[in-house]
Amino acid sequence: MSKLYIIGGNKLNGEITIPSAKNTLLPILASCILVDGEVKINNFTNYRDCIIMTNILSSLGAKIKYEGSAVIIDCRNINEWTITTELAKELRSSFFTLGAVLGRIGLAKVAYPGGCNIGARPVNIHLKALRDLGVSIIERHGYIYCNADGIKANTIHLDFPSVGATENIMMASCVINGTTIISNCAKEPEIEDLQNFLNSCGANISGAGTDTITIVGVGHLLHSTEYTCISDRIIAGTYAIATACTGGSVKLKDANSQHLIALTNVLKNAGVNIVENKKSLHISADKRLVSVPHISTMPYPCFPTDLQSQILVMQAISNGNSVISENIFESRFKVVPELKKMGAVILVKNNVAYISGVECLYGAEVYATDLRAGASLVIAGLVANGYTTVNNVEYIDRGYLKIEEDLSKLGADIKRID
Ligand code: UD1
């Protein structure tokens, strides 16, 4: 298992380009299953999660090739409809292939998905929505068997605006006949990007970004396209928080400030200077930050759960007391004992963390408990006195491509030990 070795105290300075969004690449890779031709995805970023997703596509019969920074996916020969436990347990998003496999083949056998250990992560909303579309589903021996013989367009209300369920239904319904409407759908920018991708392949989808999406099914498979995804707002947010915590000055090129309003509001309240341009965000901080009294995670456009662990570190070193409520994933606070080893003063009761800001953290040997927890421990290591070893770096690699190279470029003293 790799480790990151960090000597804290350096301010982050300079500029960095934010890569394509993992959470768009994953559903887009899955939806290539619906395309009867080649799909070229530019600026492809080989996050570990994306490698697992391409392995899943290969296991179904897809051909994958790389051309410079692009990946070309050809799913014309897909003839398999089983996602095995071995592949599914690696990646929650393996479940996004369900809607696409049903759209192409009409049958699917999918193992219950794995992924980061941040909560129970059930799939009931996905399954209810698919049943509303007329898909018959049997759950047996760890597998979900689906048959889309009776699939038909429908109006579907989601009990909770699940990102994955919204994406699954968009994929399953865009190639059938009739109009499907999803109400109370997720509004994340990644949903809008998936809509734009599917439309570039000939689908007819509108409304993404609002709480109702309309999918006019085209009744056949989609056609080839070339596509460039939006940038990763969570990586941009992570580096913005890291810059603020170290008291540095960093320009985040290709960061979309519109996607980060909930975060930039918090940063501004904490005393961080932010200059927003059309295609970049400049973050700087020149004094100790002040605690933001209450942050609460909620679906987009509210504060994202994927930046909660990172902002927890910022609150832990800011001046004052604060509270963070986690409303999406119940196990996100598993990182707290690790931060306490570094001197953070945090008390967790149920889904709420009470934080007393301390003047400084101290280096320690810590263990990433999930992807974003890993990123937060790296930020803690950057600001701590002395050296920090972050274990379980494989979690971080799921959603950051060589985080140590990005941060070294910005002046951090960080290296990977394999
Ligand atoms: C996506 C993101 C993840 C992010 C999350 C919330 C991807 C690849 N991952 O995950 O990074 O943290 O959105 O913004 O895009 N739920 C159910 N039943 C279901 C589905 C979800 O109860 O069938 C619950 C989940 O347990 C969770 C909440 O709904 O409490 C949100 O989950 P969801 O929006 O589905 O997250 P993911 O799509 O898995």
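Everything quoted here is computed from the prediction, not taken from an experiment.

Q: Would you mind going over the overall build of the protein with me for this structure?
A: Scanning the protein for helices and strands turns up 14 helices and 24 strands. For the protein, the spread of C-alpha atoms along the principal axes amounts to about 60 × 45 × 40 Å. Evaluated residue by residue, the protein yields a buried proportion of 58% over its 418 residues. Looking at the protein alone, contacts between residues at least 24 apart form 73% of all its contacts between residues at least 6 apart. Of the accessible surface of the protein, which amounts to about 15,700 Å², a share of 49% is contributed by carbon and sulfur atoms. Positive and negative charge centroids in the protein, built from 37 and 38 side chains respectively, lie 2 Å apart.

Q: I keep staring at the sheet that holds strand S18 (residues 294-296) and nothing clicks. Help me out?
A: Spatially, four strands are ordered S18-S19-S21-S20 in an open sheet, and the strand pairing comes out mixed. The open sheet is flanked by S18 and strand S20 (345-349), the only strands paired with a single partner. Across the sheet, the axes of successive neighbouring strands diverge by a mean angle of 15 degrees, strand direction being ignored. With five bridges connecting them, S20 and strand S21 (residues 352-356) associate as antiparallel partners. Looking across to S21, one finds that Val348 is bridged to Ala353.

Q: Where do I start with helix H6 (residues 163-173) in this structure?
A: Along an α-helix, a turn takes 3.6 residues, which lines up residues three or four apart on a common side. The buried fraction of H6 is high, at 10 of 11 residues. Every buried residue belonging to H6 is among Gly164, Ala165, Thr166, Glu167, Asn168, Ile169, Met170, Met171, Ala172 and Ser173, and all of these are buried. Its side-chain oxygen at 3.5 Å from the backbone nitrogen of Gly164, Ser162 defines the N-terminal cap of H6.

Q: Explain unusual backbone geometry to me, please; I cannot follow it from the model alone.
A: In terms of backbone geometry, most residues other than glycine have negative phi values and most peptide bonds are trans. Residue Tyr300 is joined to Pro301 through a cis peptide bond whose omega torsion reads 15 degrees. Its location among the elements puts Pro301 in the loop between S18 and helix H10 (308-317). Despite not being glycine, Asp254 shows a phi value in the positive range, around 70 degrees. Looking at Asp254, the relative accessible area reads 33%, which means it is partly exposed. Of note in this structure, Asn350 is not a glycine but carries a positive phi near 50 degrees. Structurally, the position occupied by Asn350 is in the loop between S20 and S21.

Q: What is the right way to look at the nonpolar core in this model?
A: Nonpolar side chains tend to gather and get buried jointly when the protein is soluble and globular. Membership of the largest hydrophobic core comes to 146 residues, with the highest contact counts inside it found for Ile41, Leu252, Leu267, Ile311, Leu312, Met314 and Leu361. Discounting chain neighbours no more than four positions away, the residues touching Ile311 are Ile241, Leu263, Val266, Leu267, Ile295, Phe303 and Ile324.

Q: Can you walk me through the pairing of strand S16 (residues 273-277) in this structure?
A: The side chains of a regular strand alternate between the sheet's two faces. Sheet topology note: the S16/strand S17 (residues 280-284) ladder contains five bridges and is antiparallel. Note that in S17 the partner of Ile274 across the bridge is Ile283. Between the end of S16 and the start of S17, which pair antiparallel, lie two residues.

Q: Explain the environment of Asn55 here, please?
A: Tracing the backbone shows Asn55 in helix H2 (residues 48-60). Sequence-wise, Asn55 and Asp286 are 231 residues apart; in three dimensions their C-alpha atoms are separated by 45 Å.

Q: Please explain the pairing of strand S13 (residues 212-218) as it appears in this structure.
A: Of the two faces of S13, only one is covered, namely that formed by Ile213, Ile215 and Gly217; the face formed by Thr212, Thr214, Val216 and Val218 stays uncovered. As defined by bridge partners, strand S11 (residues 177-183) adjoins S13 across seven bridges and the pair is classed as antiparallel. Directly across from Ser183, in S13, lies its bridge partner Thr212. Sheet topology note: the strand S12 (residues 205-206)/S13 ladder contains two bridges and is antiparallel. Bridging from a neighbouring strand, Ser206 pairs with Thr214 of S13. Hairpin geometry of S12 and S13 is characterised by an intervening segment of five residues between the two adjacent antiparallel strands and by a positive phi of about 100 degrees at Gly207.

What counts and what doesn't
- Residues numbered from 1 in each chain as written.
- Predicted model: local features only at pLDDT ≥ 70, side-chain atom pairs only at ≥ 80, totals over all residues.
- Heavy atoms only, no water.
- Helix = DSSP H or I, 4+ residues; strand = E, 2+ residues; numbered from the N terminus.
- Buried < 20%, exposed > 50% of the residue type's maximum accessible area, 1.4 Å probe, protein only.
- Contact = heavy atoms within 4.5 Å.
- Areas by Shrake-Rupley, 256 points an atom, 1.4 Å probe, with all protein chains shown as cover.
- Lys, Arg positive; Asp, Glu negative; His and termini not counted.
- Charge placed at Lys NZ, Arg CZ, Asp CG, Glu CD.
- Pairing = 2+ DSSP bridges.
- Axes fitted to C-alpha atoms, helices over the stretch in contact; angles between N-to-C directions.
- Polar contact = N/O pair within 3.5 Å; in protein donor to acceptor, adjacent residues only side chain to side chain.
- Core = buried A, V, L, I, M, F, W, Y, C linked by side-chain atoms within 4.5 Å.

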